[in-house]
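# Fold and geometry: a report
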Amino acid sequence: MIINEWQLDSKLNTALQHAQRADFSLYLALLSPAVEESAEFLTPDAVSEIKVSEDLYNKFGIRPARSFAMEQDDLKVLSRHTQALLQGGLASLKLAMSMNTAPLQQHDDKKRLSNDVFQALSLHSQRRVLQPELTKPQADPAAMYEVLQQLNAGEAA
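Residues numbered from 1 in each chain as written. Predicted model: local features only at pLDDT ≥ 70, side-chain atom pairs only at ≥ 80, totals over all residues. Heavy atoms only, no water.

## Here we look at the overall build of the protein
What counts here: Each helix is a run of H or I in the DSSP string that is no shorter than four residues. Each strand is a run of E no shorter than two, and both are numbered from the N terminus. In what follows, a contact means two residues having at least one pair of non-hydrogen atoms within 4.5 Å. All accessible-area figures derive from a Shrake-Rupley calculation using a 1.4 Å probe, and residue coverage is judged against the displayed protein chains alone.
Of regular secondary structure, the protein possesses nine helices and zero strands. Sequence-distant contacts in the protein: of pairs separated by 6 or more residues, those separated by 24 or more amount to 58%. Total accessible area on the protein stands at roughly 13,700 Å², and carbon and sulfur atoms take up 57% of it.

Structure (C-alpha cells):
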C-alpha cells in the first residue's frame, strides 16, 4: 500500500495530464484511503527563546523541573515517602511528596510504548513507530515552470 502521493513520483500527475483513466484509477486505488496517513505537515520546530538563568532559581528558592525518569537518588526519596506514610499517615505523605517529588516513570524514552498501547494503535501508526522516517524528494521549481508553460500553451490553442 502506498501512503503518500510523492511515493508514486509523478506517475499520478502524468496519468491525469495524458487522460490515462485506467492508470489514474489504478494509482488512486493504490493510495491509502485513511486521511491521517496522507495528510503530513512539516511544521517548524518550536524554539524557546526564553532562557532562565540559575540565579533566578536561587533568588526565589525554586528547584529546576526534574525529569520524569527515575534517577539515582530516587530510591531514597521513595523510602522517605514510605516512612512518612507509615509514621504520619496521608497528610505526612502529601507533605513529603510536595517537598521531594517522586519519579513518574522508570525510563524517559519518548519512543517507548507498552505492548498494550502498541497493539491498540492502527496499522499505519504501528508501521510509523517501527519504521524510520521516510525521506521526501526535493521539489524542483524548474520542473513546475515547465508544467505551467505546457498548461498555458494548451489553453492558448
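Once the structure has been displayed, the description carries forward.
## Side note on helix H5 (residues 74-88)
Worth spelling out the cut-off: In this analysis, the expected span of each helix is defined as 1.5 Å times one less than the number of residues it contains. For every residue, the accessible area (1.4 Å probe, protein chains only) is compared with the maximum for its type, and the residue is labelled buried under 20%, exposed over 50%, or partly exposed between those bounds. Working note: the arc is built from the helix axis to C-beta atom directions.
Between its terminal C-alpha atoms H5 stretches 21 Å, which fits the 21 Å expected from 15 residues at 1.5 Å a residue. If you check which residues of H5 are buried, you get Asp74, Val77, His81 and Ala84. Burial along H5 is one-sided: seen end-on, the buried residues are contained in an arc of 75°. The exposed residues of H5 that point more than 90 degrees off its buried face are Leu75, Lys76, Leu86 and Gln87. The inward-facing, buried residues of H5 contact helix H6 (90-99). With its phi angle positive at about 85°, glycine 89 sits one or two positions after the end of H5.

## Some details on the confidence of the model for the protein
This is how it is decided: Known as pLDDT, the predictor's confidence for each residue is given on a scale from 0 to 100.
Put simply, the protein has an average pLDDT of 78, and 79% of its residues get 70 or more. In the model of the protein, helix H3 (residues 35-38) stands out as the element of lowest mean pLDDT, 59, in contrast to H5, which has the highest, 91.

## Concerning the packing of H5 against H6
To keep it simple, the criterion reads: The angle between two axes is taken between their N-to-C directions and runs from 0 to 180 degrees, where each axis is a line fitted to C-alpha atoms and a helix contributes only its stretch in contact. Each angle receives one of four descriptions, namely roughly parallel if under 35 degrees, roughly antiparallel if over 145, roughly perpendicular if within 65 to 115, and oblique otherwise. Handedness of each helix crossing follows the sense of rotation of the near helix against the far helix: counterclockwise by less than a right angle gives left-handed, clockwise gives right-handed. Three residue categories are used. Nonpolar comprises Ala, Val, Leu, Ile, Met, Phe, Trp, Tyr, Cys and Pro, charged comprises Asp, Glu, Lys and Arg, and polar comprises the others, including Gly.
Viewed as axis vectors pointing N to C, H5 and H6 meet at an angle of 155°, and their least axial separation amounts to 7 Å. The angle between H5 and H6 places the two elements in the roughly antiparallel class. Both H5 and H6 take part in a crossing whose hand is right-handed. Across from His81, Ala84, Leu85 and Gly88 in H5, the residues of H6 making contact are Leu90, Ser92, Leu93, Ala96 and Met97. Split by residue class, the contact of H5 with H6 holds six nonpolar, three polar and no charged.

## Observations concerning a nonpolar patch on the surface
This is how it is decided: Residues qualify for a patch when their relative accessible area is over 30% and they have no salt bridge, like charges being joined within 9 Å and the nonpolar side chains of Val, Leu, Ile, Met, Phe, Trp and Tyr within 5 Å. Throughout this description, the term salt bridge denotes a Lys or Arg side-chain nitrogen within 4 Å of a carboxyl oxygen of Asp or Glu.
Taken together, the side chains of Leu113, Val117, Val129 and Leu130 present a nonpolar region at the surface, about 350 Å² in accessible area. Examined against the element boundaries, leucine 130 turns out to sit in helix H8 (residues 123-130). Overall, the relative accessible area of 65% leaves leucine 130 in the exposed class.

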